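What follows is the residue order along each chain.
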Amino acid sequence: MSYEHIEIPADGNNITLADEETGELDVPENPIVPILYGDGIGSDVGPAAQMVMEAAAGETGHSITWARVYAGEAARDRYGENLPQETVDTIREHRVAIKGPLTTPIGSGFRSLNVALRQKLDLYANVRPTYYLAGVPSPVKSPEEMDMVSFRENTEDVYAGIEYEAESEDAQKLREFLRDELDVTDAIHDGPVGLGIKPISEFGSKRLIREAIEYAIANNRDSVTLVHKGNIMKYTEAAFRDWGYEVAAEEYADETIDEDALYDEYDGEAPDDTVVIKDRIADNMLQQLLTRTGDYEVLAMPNLNGDYLSDSAGAQIGGLGIAPGGNFGHGRFLAEPVHGSAPKYAGQDKVNPTAIILSGRMMFEYLGWTDAAELIRDAVEESIRTGRVTYDLHRQIEGGEKLATSEFADSIVDEIRAIS
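Thresholds applied
- Residues numbered from 1 in each chain as written.
- Predicted model: local features only at pLDDT ≥ 70, side-chain atom pairs only at ≥ 80, totals over all residues.
- Heavy atoms only, no water.
- Core = buried A, V, L, I, M, F, W, Y, C linked by side-chain atoms within 4.5 Å.
- Buried < 20%, exposed > 50% of the residue type's maximum accessible area, 1.4 Å probe, protein only.
- Helix = DSSP H or I, 4+ residues; strand = E, 2+ residues; numbered from the N terminus.
- Contact = heavy atoms within 4.5 Å.
- Salt bridge = Lys/Arg side-chain N within 4 Å of Asp/Glu carboxyl O.
- Axes fitted to C-alpha atoms, helices over the stretch in contact; angles between N-to-C directions.
- Parallel < 35°, antiparallel > 145°, perpendicular 65-115°, else oblique.
- Left-handed = near helix turned anticlockwise from the far one by under 90°.
- Nonpolar A, V, L, I, M, F, W, Y, C, P; charged D, E, K, R; others polar.
- Pairing = 2+ DSSP bridges.
- Phe/Tyr/Trp six-rings, centres within 6.5 Å; stacked < 30°, edge-to-face > 60°.
- Right-handed = clockwise from strand over helix to strand, strands pointing away.

Caption draft 1: Spotlight on the nonpolar core. Grouped together as the largest cluster of nonpolar side chains are 86 residues, with contacts concentrated most on Val-224, Met-363, Phe-364 and Ile-376. At eight residues, the largest contribution of residues to this core is made by helix H1 (residues 42–59). Leave out the neighbours within four places in its chain, and Ile-376 touches Val-52, Met-53, Ala-56, Ile-357, Leu-358, Arg-361 and Phe-364.

Next up, the structure:
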């Protein structure tokens, strides 16, 4: 494939699909990995993460050949558009990539550039591990109890973008259809009203929940919790719950047990190597994150619930500035931090790059480079534990050394070399 604006290095090798059915990858020792710095502080945190990943890869016998790709402001400068097809095609071809935060400009044609990328690449699972790093200030008493992974469905729910502006022709057509064809007469107030449609499918739900269960089995996690609002939305979110129990019973009967059977048949003690499947109402789950943190290890959720719950969980371990994330599809992975682009800090070499660095750690795990992934976590934690941190953490701790973004990356690289 040829590109106009993107230079693909000749000294790297493509990641390919080793197994079409499972999505397993064939990863060379020197893969080409697209990197998109993003908008705002992306120009600071992107290069910092790149430096750390290169060091961890090198210390463990790997190497990366980077291919710069563009979206947002940088893409407008080169292409005159926010999300060029060239960028999408490059990430699709090379299968694994990492990106910084993106801002969707008003009037851009996209509700969100991040959502658009996920949908165009069919990255149907947004995955956010939430774990505590020693030394990070937290608003809760025992942040170390949080060690949870959220699986958020990425393509459906209200994020599908099926909505119509109040007083628009389409909204009026939909309103008339609901009234005349479906006898919906009391649920919509008189006057202008915006209307939205919330699709949740068996296909989308099951493939997301399947990923969560397989993750729990592979990583010796005790439970998968289906988080929903099925007590109110009985044909969408309750269906998500029901489809979750179905996929567990039909495809993972030997590896899972539902919570009712756990107490009816096993007195609450799960057999060894068995994952408990349970469900919780979404608003109650927000409370349980605080009051029973250690009871939850893997969450599987529709899109909107996943957005709320994963951000709330991130607050308990110190905030979104250190929260990593990634988007999975069939044989594809796009790493990205949870936080936004914070344009007022752009170019100041000031902000905390931990979130994108730990997203790079997730990318390494996806590549099978677990040694390099653990090296990154250990090095980040050691720099924070010893007080060598960026301004956001420094102002919350006593003593320590306040570092610029690039200096913090240097500190982590030093720790990587010391540990290895």
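Caption draft 2: A look at the pattern of salt bridges. Here the structure, examined in full by the defined rule, presents 23 salt bridges. The partner of Glu-336 in a salt bridge is Arg-118, with the nearest N and O atoms 2.5 Å apart. Pair noted here: Glu-336 is in the loop between strand E15 (332–335) and helix H11 (354–367) and Arg-118 is in helix H4 (residues 113–120), with a separation of 218 residues, a long-range link. We note that Glu-336, like Arg-118, is buried. In this structure, Asp-283 engages Lys-229 in a salt bridge whose closest nitrogen and oxygen atoms are separated by 3.2 Å. Of this pair, Asp-283 sits in helix H9 (residues 282–291) while Lys-229 sits in the loop between strand E10 (223–228) and helix H7 (237–251), placing them 54 residues apart in sequence. We classify Asp-283 as partly exposed; its relative accessible area is 47%. What emerges from the salt-bridge pattern is a single network uniting Lys-99, Arg-118 and Glu-336.

Caption draft 3: Structural view of the packing of helix H12 (residues 370–385) against helix H14 (residues 405–419). Two numbers describe how H12 lies on H14: the axes approach to 8 Å, and their chain directions differ by 120°. Looking at the two axes, H12 sits oblique to H14. In the crossing of H12 with H14, the sense of the turn from one axis to the other is right-handed. From H12, Leu-375, Asp-378, Ala-379, Val-380, Glu-382, Ser-383 and Ile-384 reach across to H14, where they touch Phe-408, Ser-411, Ile-412, Glu-415, Ile-416 and Ile-419. A class-by-class count of the residues in the contact of H12 with H14 yields eight nonpolar, two polar and three charged.

Caption draft 4: Region of the structure containing the pairing of strand E6 (residues 125–131). Across the seven residues of E6, seven count as buried, placing the element largely inside the fold. Of the two faces of E6, the one holding Ala-125, Val-127, Pro-129 and Tyr-131 and the one holding Asn-126, Arg-128 and Thr-130 are both buried throughout. Summarising the sheet, E6 and strand E7 (residues 147–153) pair through seven bridges and their orientation is antiparallel. From the neighbouring strand, Thr-130 faces E7, where its bridge partner is Met-148. In this structure, E6 lies alongside strand E14 (residues 326–329), joined through three bridges in antiparallel fashion. Pairing of Asn-126 across the sheet is with Asn-327, part of E14.

Caption draft 5: A look at the packing of aromatic side chains. Scanning the model with the defined rule gives six aromatic pairs in all. With centroids separated by 5.3 Å and ring planes inclined at 65°, the aromatic side chains of Phe-328 and Tyr-366 adopt a geometry described as edge-to-face. One end of the pair, Phe-328, is in strand E14; the other, Tyr-366, is in helix H11, and 38 residues separate them in sequence. Classification of Tyr-366 as partly exposed rests on a relative accessible area of 22%. On the basis of an interplanar angle of 20° and a centroid distance of 5.1 Å, the ring pair of Phe-333 and Tyr-366 is categorised as stacked. Of this pair, Phe-333 sits in strand E15 while Tyr-366 sits in helix H11, and the two are 33 residues apart along the sequence. Counting every residue linked through ring pairs, the aromatic cluster contains Phe-328, Phe-333 and Tyr-366.

Caption draft 6: Summary view of the pairing of strand E12 (residues 275–281). By the criterion of burial, E12 is predominantly enclosed, with five of the seven residues buried. As judged from the six bridges shared by E10 and E12, these two strands associate in the parallel manner. Considered in E12, the bridge of Val-227 is made with Arg-280. Bridge analysis of strand E11 (residues 256–258) against E12 gives three bridges, and the strand direction is parallel. From the neighbouring strand, Thr-256 faces E12, where its bridge partner is Val-275. Note that the unit made of E11, helix H8 (residues 259–266) and E12 has a crossover that is right-handed.

Caption draft 7: Highlighting the sheet that holds strand E13 (residues 298–301). Reading across the sheet, the 11 strands line up as E4-E3-E5-E15-E14-E6-E7-E13-E10-E12-E11 and stay open at both edges, with mixed pairing between neighbours. The sheet is open, and its two edges are formed by strand E4 (65–68) and E11, each paired on a single side. Adjacent strand axes in the sheet meet at a mean angle of 25° when their direction is disregarded. Each of strand E3 (32–36), E4 and strand E5 (96–99) touches H1; the most contacted strand, E4, lies at about 165° to it. Against the sheet, helix H10 (residues 303–316) engages E6, E7, E10 and E13, with an angle of about 155° to E7.

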